[in-house]
There are 4 protein chains.
Amino acid sequence: MKKVKLAVIGAGNVGRIHVENIVNKLDNAELVAVSDFYPEKYNEIASEKGWPLARKEYREILKDEEVDAVVIATPAALHGDMIIESAKAGKDVFCEKPLDYDKEKIVEIMKIVEETGIKLQIGFNRRFDKNFMKAKELVETGKLGDIHVIKITSRDPSPPGMEYFTAPGGEHCSIYTDTTIHDFDMVRFFNPAEVVEVYAMGSKLINKDVEEITRDDTCVITLRFEDDSLAVIDNSWEAVYGYDQRSEVFGTKGAVTVENDVFSETTLHATEGIISEKPLVTIKDRYGESYANEIKAFVDAIQNDAKVPVDAYDGLISIVIADAARLSAEENRPIKIKELMPEM
Amino acid sequence: MKKVKLAVIGAGNVGRIHVENIVNKLDNAELVAVSDFYPEKYNEIASEKGWPLARKEYREILKDEEVDAVVIATPAALHGDMIIESAKAGKDVFCEKPLDYDKEKIVEIMKIVEETGIKLQIGFNRRFDKNFMKAKELVETGKLGDIHVIKITSRDPSPPGMEYFTAPGGEHCSIYTDTTIHDFDMVRFFNPAEVVEVYAMGSKLINKDVEEITRDDTCVITLRFEDDSLAVIDNSWEAVYGYDQRSEVFGTKGAVTVENDVFSETTLHATEGIISEKPLVTIKDRYGESYANEIKAFVDAIQNDAKVPVDAYDGLISIVIADAARLSAEENRPIKIKELMPEM
Amino acid sequence: MKKVKLAVIGAGNVGRIHVENIVNKLDNAELVAVSDFYPEKYNEIASEKGWPLARKEYREILKDEEVDAVVIATPAALHGDMIIESAKAGKDVFCEKPLDYDKEKIVEIMKIVEETGIKLQIGFNRRFDKNFMKAKELVETGKLGDIHVIKITSRDPSPPGMEYFTAPGGEHCSIYTDTTIHDFDMVRFFNPAEVVEVYAMGSKLINKDVEEITRDDTCVITLRFEDDSLAVIDNSWEAVYGYDQRSEVFGTKGAVTVENDVFSETTLHATEGIISEKPLVTIKDRYGESYANEIKAFVDAIQNDAKVPVDAYDGLISIVIADAARLSAEENRPIKIKELMPEM
Amino acid sequence: MKKVKLAVIGAGNVGRIHVENIVNKLDNAELVAVSDFYPEKYNEIASEKGWPLARKEYREILKDEEVDAVVIATPAALHGDMIIESAKAGKDVFCEKPLDYDKEKIVEIMKIVEETGIKLQIGFNRRFDKNFMKAKELVETGKLGDIHVIKITSRDPSPPGMEYFTAPGGEHCSIYTDTTIHDFDMVRFFNPAEVVEVYAMGSKLINKDVEEITRDDTCVITLRFEDDSLAVIDNSWEAVYGYDQRSEVFGTKGAVTVENDVFSETTLHATEGIISEKPLVTIKDRYGESYANEIKAFVDAIQNDAKVPVDAYDGLISIVIADAARLSAEENRPIKIKELMPEM
């Protein structure tokens, strides 16, 4: 079968994970182009590793007939327009989350996807993590019975720097739309029922003394699903012991818990206590494999002309829930999802 | 030092745990009387075990000069009046939670306690569990830094029967005031800051098809403390794998997690998987030791004329939070604690 | 049913555990007398706790008609003669391990036990530990299939002091006959087949630089059973992280592992790592409950005139295996058990 | 830096792991040739995966000037001669364990390696496993103090078939020389001191009723090191719950335990118990990464003209210990390593 020819647009941290995965872990895809607005840093690494060098202008990639599909890993504020341009250029698109901060834009994207018939997959890579896939399998095979409560703890190892807030589009950035959006997608991944209501309680605790930062860095979010099952997500931007990524699905027949991935199964037994390994710290260590798996799934969908496993609708719903959570935290009241759903 | 002479009023499940603990585990106390309205069942066990037999009328105990203090383990609806009678009879009182469903009554109790100078301890036994005490110690010694988020999972092994709702006073019973009240006390135990606001999302899932039961059996409750730290409690009346009692305190320097107590540290490695022990199931197995510890602490306070470790104020606040949670679930809005605080 | 009246002879560390257990945890027994050659230390504790005070002379206890049975917890060198005296006085006997260092003496004991018809139980308390009982249950219910390999790790938290070697009878003391003897009994507890051969490799590592001590403090012992299944025991007199008491039974259908008991189920997640509790350190903390259980079983056997669960034969075989291990280590060759079995 | 051009000789299970690793995981090496005596099966997979096809005759590879180094993964009986031929052809050699069953042949190999100056690395891949490397790091950084006891449990998921014993060279095959040889290398990896004595107790338990098979399938082996520290290895050819690969190093300051790698960190909490994942089953799943790491280390040594991390001497000592273990089991006596060391 013909290899799928991919280009990566945006070669920062996440873009480089995609580049490396495509080069080393995908049998049925080939990386043919890379672009980045500031290509110097990437190109230094790329020339050492033997990866394709990046050009500045992504539009050249869109014109390149050799390119079958693009992987967009640019700042979130650029996603929407780039997806539309790529779709119009006939490229299949894999885009990091969120598809856009603006729900109306996502509805527009959905229309264009339908018109052009291109494939659009959103980068909810956690759906492709072996741990969460195993938990989902237990749900689907009925091992847990009916779902009653889903719990997710999702804590970053360290908070974003000031530039996160001050960069262009930074005014849209929030723990709800950037961090928790993954968790909103995860509760939807675990639960066949849809979310109908959200209540978020948030605080500024990590940055307590940083006056310039006014946004929440810690939050607890409760969700109700259409079948009255519940979910709760707790987030923090700083867990000093590592990237804390646990979850749990509790049902009538039992529960599944997902603990953190660790580097090794070694434990030190010492006078200070029984010390085992901390959770993995970097996104690449913790989710590198799931990033590879999601691109594999995208390439497979292209090769087999099949449905992508996470689509624009998932992208839309997740941002609507995120918006609802942000609004809930601001106005301190539960928000119904339908309040914020755009017309379609 | 003279042994403290105790009487137990109410010899049901929990009362019998107290009887057995006083008889077998307390060096400095003596059980001199027991009363129960239906004493037959207790007396059968008591005569076998060599425990004092129960009389029907608790008022005789209150008149008995030999009795230094009473342990009240009757149905909750009776607590308030019995405490007041006991206080007036000059007895120190240990009373199971809640002190009363009615906050005004608790305020009245507090006044009488002050006037009579008796000691009144409330039965928040989980404060005396070795696991939670160890977690608290980590908080107090600064190992966790500033607290950001407290999490409690508290699931009963099986739901209360229909009589729970239909017994006299059953109209007051709810998951918020009976089950979660322990957890409300626990978040206060862990956090030196006080709770200021509560939001509860509850559902009827276990009893979904039981029309007669209209109350929630599953809930997720979010709390805000005065310093903006947060807590989340999730409850269920039925975890088929056992009595699930976990908690977590997350702070700036780290977190402590408390896992379930198990019967043994054995693990079976078999073709079906690696199978370890389920959580302990009964209250006596899980909390028997903490029930003994709380009575020890009460007796010590009497002997040393010291402050009791959990007092009427703790009883008041916990029921106010519980009421707030119930109201929040009913009205689907966050409730400020001060809204419901009685005048004092 | 009439309570069994017990006397404890020898009120050192282990004797005091027995005293406390009999007083607090046994419904069907009563402690009526205690003796110790140096009673001062015990009596100080006893008068505080309200336990019977000790007299110096144990023979008075043997003459006391009120006493049904004695619990012997004196230094090992005295066990054999005291058992014989007690049996002749018509007392049932519970005796700490080993029954005697001299196998011929144990054979003599066995004869007297048979002649007098008294009950003699040996203090292999680990058979009554909930963890090891659960493991045994898995063996007996066939969950492990045929046993292939048994593994025991048994490490003391700190080595015996010099007086262990220099006290009267100290020349008999060794890691094989004092520490490992428990483990020899445990492999027999787990495996229905009998031990037929032993090979021991020992070293002086902890006391490497203490010239006066010449005996092994670390060892690995391999055992073959009559059905060719194998066992391995590794011992050390010093594990700085606690009293390390693990075991494993591996069979055709699976394995059971027994991990260490800990004080609490709390775990600290910190920058230094994920730190859980160390194994319990003292004998009383780790095995206090199993000490109570074994005396309960002894008292039950007396009350019901039933067979004791661990008898003189178990005492004999364990010391024969221990002797074989010691000889094996000295002569560096495998030793057949039958080489050392006394005539019976 | 120029990529190292590798050829793989022997494309069975293990050979294919090497092929895949070289193709996908090594940046600085290139796979230029493969040979296998029965190339059909490999070639089918290879053409699907896009790997180089295999030719039958490995001697053509040795003549090929393009090839820098060969990876030998043929049946063990062929290793020695192939290494010698390859060395004479000027190729660097990576060879699976054992280098040869015949110690004299290994001494000959060592001489030729010295004369020709080629690099020869032996495939003790477990030294490159992240778990065992972490344990070794704790030893080397002094976290464990002086080593007292090393323990390894190494159980295969299923026993070798009859062809293992009946194939050419099968008369040399044994659990000691094929399975345990890895563990002999691991104790040497963990302990800076050398092994001086071995005692092995083995049994035929799995194949109890297979008359044609006479060799041990279960064993416990005790080792003494030159500094009197001890090690114990227990092996079985069949653990029904997976590939059981645990180890432990116990020293004066603490211990490190290495538990099994698992597929995911999920746990099912159900009425049957708390069920977590079984150990990984296949060599590729469990050690695929360490196979890649060892070849990386080999290629790095070639590129940098550095010493290989595991050399012919390690290969010699491991087979001498294995021979000693086999002899010990046969003659039922401890064997000194120097008894079996060839003249060098």
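Because the structure is a prediction, the values reported are computed rather than measured. (Residues numbered from 1 in each chain as written. Chains lettered and ligands numbered in written order. Predicted model: local features only at pLDDT ≥ 70, side-chain atom pairs only at ≥ 80, totals over all residues. Heavy atoms only, no water.)

Caption draft 1: Expanded view of the interface of chain C and chain B. Residue-level contacts link 27 residues of chain C with 27 residues of chain B. Summing the contributions of chain C and of chain B, the shared interface buries around 2200 Å²; its carbon and sulfur component is 52%. A per-residue breakdown of the area chain C buries against chain B is headed by Glu265, Thr266 and Leu268 of chain C, which together make up 25% of the total. Linking chain C with chain B are zero salt bridges. (Contact = heavy atoms within 4.5 Å. Buried area = accessible area lost by both parts, 1.4 Å probe. Salt bridge = Lys/Arg side-chain N within 4 Å of Asp/Glu carboxyl O.)

Caption draft 2: How the structure looks around the relation of the copies chain A and chain B. Mapping chain A onto chain B calls for a rotation angle of 180° and an axial translation of 0.0 Å; the resulting RMSD is 0.0 Å. Taken together, the rotation and translation describe the operation of a two-fold axis. Distance from the rotation axis, computed per C-alpha, reaches its smallest value in chain A at Arg333 of chain A: 3.0 Å. Of the residues that chain A buries at the interface, 100% are likewise interface residues in chain B, meaning the two copies contact each other through the same surface. (Least-squares fit on C-alpha atoms with pLDDT ≥ 70 in both.)

Caption draft 3: Structural context of unusual backbone geometry. Each neighbour pair has its own omega, and for Lys97 of chain C with Pro98 of chain C the value is -15°, a cis peptide bond. We note that Asp305 of chain A has phi near 45°; this positive angle belongs to a residue other than glycine. Summarising the element assignment, Asp305 of chain A is placed in the loop between helix H9 (283–303) and helix H10 (312–331). Of note, Asn332 of chain C is a non-glycine position whose phi angle comes to about 50°, a positive value. (Helix = DSSP H or I, 4+ residues; strand = E, 2+ residues; numbered from the N terminus.)

Caption draft 4: Expanded view of the sheet that holds strand E1 (residues 4–9) of chain D. All names here are of chain D. Strand order in this open sheet of six strands is E3-E2-E1-E4-E5-E6, and the pairing throughout is parallel. Among the strands making up the open sheet, the edge pair consists of strand E3 (54–55) and strand E6 (120–122). Alignment of E1 against strand E4 (residues 69–72), held across four bridges, turns out to be parallel. Residue pairing in the sheet places Ile9 in a bridge with Ile72 of E4. Helix-sheet contacts for helix H1 (residues 13–25) involve E1, strand E2 (29–35), E4 and strand E5 (92–95), and the interaxial angle to E2 is about 150°. (Pairing = 2+ DSSP bridges. Axes fitted to C-alpha atoms, helices over the stretch in contact; angles between N-to-C directions.)

Caption draft 5: Just the side chain of Glu197 of chain A, in detail. Examined against the element boundaries, Glu197 of chain A turns out to sit in strand E8 (residues 195–203). Take Glu197 of chain A: its relative accessible area is 5%, and that puts it in the buried class. Of note is the side chain of Glu197 of chain A, whose polar atom sits 3.0 Å from the side chain of Lys336 of chain A. Only 2.7 Å separates the side chain of Glu197 of chain A from the side chain of Asn332 of chain B, close enough to count as a polar contact. The residues touching Glu197 of chain A, leaving out its near neighbours within four places in the chain, are Thr222, Leu223, Arg224, Pro334, Ile335, Lys336 and Ile337 of chain A together with Met201 and Asn332 of chain B. (Buried < 20%, exposed > 50% of the residue type's maximum accessible area, 1.4 Å probe, protein only. Polar contact = N/O pair within 3.5 Å; in protein donor to acceptor, adjacent residues only side chain to side chain.)

Caption draft 6: Here's a closer look at the packing of helix H1 (residues 13–25) of chain B against helix H9 (residues 283–303) of chain B. All names here are of chain B. Relative to each other, H1 and H9 sit at 60°, their axes nearing to 9 Å. Between H1 and H9, the interaxial angle falls into the category oblique. In this structure, the crossing between H1 and H9 has a hand that is right-handed. Residue-level inspection shows Val14, Ile17, His18, Glu20, Asn21, Ile22 and Lys25 of H1 in contact with H9, the latter providing Ile283, Lys284, Gly288, Glu289, Tyr291, Ala292, Glu294, Ile295 and Lys296. The residue inventory of the contact of H1 with H9, partitioned by class, reads seven nonpolar, three polar and six charged. (Parallel < 35°, antiparallel > 145°, perpendicular 65-115°, else oblique. Left-handed = near helix turned anticlockwise from the far one by under 90°. Nonpolar A, V, L, I, M, F, W, Y, C, P; charged D, E, K, R; others polar.)

Caption draft 7: The arrangement of the sheet that holds strand E2 (residues 29–35) of chain A in detail. All names here are of chain A. With parallel pairing, the six strands of this open sheet are ordered in space as E3-E2-E1-E4-E5-E6. Only two strands of the sheet have a single neighbouring strand rather than two, namely strand E3 (54–55) and strand E6 (120–122). Across six bridges, strand E1 (residues 4–9) lies against E2 in parallel orientation. For Lys5, the partnering residue across the bridge sits in E2 and is Glu30.

Caption draft 8: Focus on the pattern of salt bridges. Summed over the entire model, instances satisfying the criterion amount to 123 salt bridges over all chains. Of the charged contacts in the structure, one is a salt bridge between Arg246 of chain C and Glu248 of chain D, with a shortest N-O distance of 2.8 Å. In this pair, Arg246 of chain C sits in strand E11 (residues 244–251) while Glu248 of chain D sits in strand E11 (residues 244–251), so the two residues belong to two different chains. Accessibility assignment for this pair places Arg246 of chain C and Glu248 of chain D in one class, buried. Because the salt bridges share partners, they merge into one network encompassing Lys151 and Glu248 of chain A together with Arg155, Asp234, Asp244 and Arg246 of chain B.

Caption draft 9: Here's a closer look at the domain arrangement of chain A. Residue and element names in this part refer to chain A. The domain boundaries assigned to chain A delineate domain 1 (4–125 + 288–309) and domain 2 (127–280 + 318–340). A straight line from the C-alpha centre of domain 1 to that of domain 2 covers 26 Å. If you look at the interface, domain 1 gives 16 residues, while domain 2 gives 17 residues. Surface buried jointly by domain 1 and domain 2 totals about 1400 Å² across both partners, of which 63% is contributed by carbon and sulfur atoms. Counting the surface domain 1 buries against domain 2, the share from its top three residues, Tyr101, Lys103 and Phe124, is 52%. (Domains from an automatic or database assignment.)

Caption draft 10: Layout of the interface of chain A and chain B. Contacts between chain A and chain B engage 41 residues on the former and 41 residues on the latter. For the chain A and chain B pair, buried surface summed over both sides reaches about 3200 Å², with 62% attributable to carbon and sulfur atoms. When the area that chain A buries against chain B is broken down by residue, the three leading residues are Met201, Leu205 and Phe250 of chain A, summing to 18%. For the interface between chain A and chain B, the tally reads six salt bridges. Lys151 of chain B is paired through a salt bridge with Asp234 of chain A; the nearest N and O atoms lie 3.1 Å apart. For the interface between chain A and chain B, the tally reads 17 residue pairs in polar contact (both at pLDDT 80 or more). Residue assignment for the side of chain A that touches chain B shows that the elements contributing at least two residues are strand E7 (147–155), E8, strand E9 (218–225), strand E10 (230–236), strand E11 (244–251) and strand E12 (254–258) of chain A. It is E9 of chain A that provides the largest number of residues to the side of chain A that touches chain B, a total of six residues. Considering only residue class, the side of chain A that touches chain B consists of 16 nonpolar, 12 polar and 13 charged.

Caption draft 11: Quick look at the relation of the copies chain C and chain B. Take chain C, turn it by 180°, move it 0.0 Å along the axis, and it overlays chain B with an RMSD of 0.0 Å. Interface overlap between copies: 100% of the residues of chain C at the interface are likewise at the interface in chain B, consistent with a symmetric, same-surface contact.

Caption draft 12: Fine view of the side chain of Thr177 of chain B. All names here are of chain B. Within the secondary structure, Thr177 is located in helix H8 (residues 175–190). A polar contact is formed between the side chain of Thr177 and the side chain of Ser174, at a distance of 2.8 Å. There is a polar contact of 3.0 Å between the side chain of Thr177 and the side chain of Asp178. Among all residues touching Thr177, those that are not within four sequence positions of it are Tyr101, His172, Ile319, Ala322, Asp323 and Arg326.

Caption draft 13: View of a negative patch on the surface. On the surface, Asp102, Glu104, Glu108 and Glu343 of chain A cluster together to form a negatively charged patch. What makes Glu108 of chain A partly exposed here is its relative accessible area of 37%. (Patch = residues over 30% accessible without salt bridge, like charges linked within 9 Å, V, L, I, M, F, W, Y side chains within 5 Å. Areas by Shrake-Rupley, 256 points an atom, 1.4 Å probe, with all protein chains shown as cover. Lys, Arg positive; Asp, Glu negative; His and termini not counted. Charge placed at Lys NZ, Arg CZ, Asp CG, Glu CD.)

Caption draft 14: Representation of the confidence of the model for chain A within the structure. Looking at chain A as a whole, the pLDDT averages 95, with 100% of positions reaching at least 70. If you check the scores for this complex, the pTM reads 0.96 and the ipTM reads 0.95. (pLDDT = per-residue confidence, 0-100.)

Caption draft 15: A look at the pairing of strand E10 (residues 230–236) of chain D. All names here are of chain D. For E10, the buried fraction is high: seven of the seven residues fall into the buried class. Alternating residues of E10 divide into Leu230, Val232, Asp234 and Ser236 and Ala231, Ile233 and Asn235, and every residue in both groups is buried. The pairing of strand E7 (residues 147–155) with E10 spans seven bridges and is classified as parallel. Of the residues in E10, the one forming a bridge with Arg155 is Ser236. Pairing of strand E9 (residues 218–225) with E10 involves seven bridges; the strand directions are antiparallel. The residue of E10 that forms the bridge with Thr222 is Val232. Taken together, E9 and the strand that follows it, E10, pair antiparallel across an intervening segment of four residues, in which Asp228 is found at a positive phi of about 70°.

Caption draft 16: Region of the structure containing the packing of aromatic side chains. Following the criterion strictly, the structure yields 42 aromatic pairs over all chains and no others. Where Tyr243 of chain B meets Tyr287 of chain B, the ring centres are 5.8 Å apart and the plane angle is 85°; that geometry is what we call edge-to-face. Placement of Tyr243 of chain B in the loop between strand E10 (230–236) and strand E11 (244–251) and of Tyr287 of chain B in helix H9 is noted, with a sequence separation of 44 residues between them. Look at Tyr243 of chain B and you get buried, because its relative accessible area is 5%. Residue Tyr287 of chain B is classed as buried on the basis of its relative accessible area, which comes to 1%. Every member of this aromatic cluster is reached through a ring pair, and the members are Phe132, Phe189 and Phe190 of chain A. The ring of Phe37 of chain A is capped by Lys56 of chain A, whose NZ or CZ atom sits 5.3 Å from the centre of that ring. A cation sits over an aromatic face here: Lys136 of chain A above Phe189 of chain A, 4.7 Å from the ring centre. (Phe/Tyr/Trp six-rings, centres within 6.5 Å; stacked < 30°, edge-to-face > 60°. Lys NZ or Arg CZ within 6 Å of the ring centre and 35° of its normal.)

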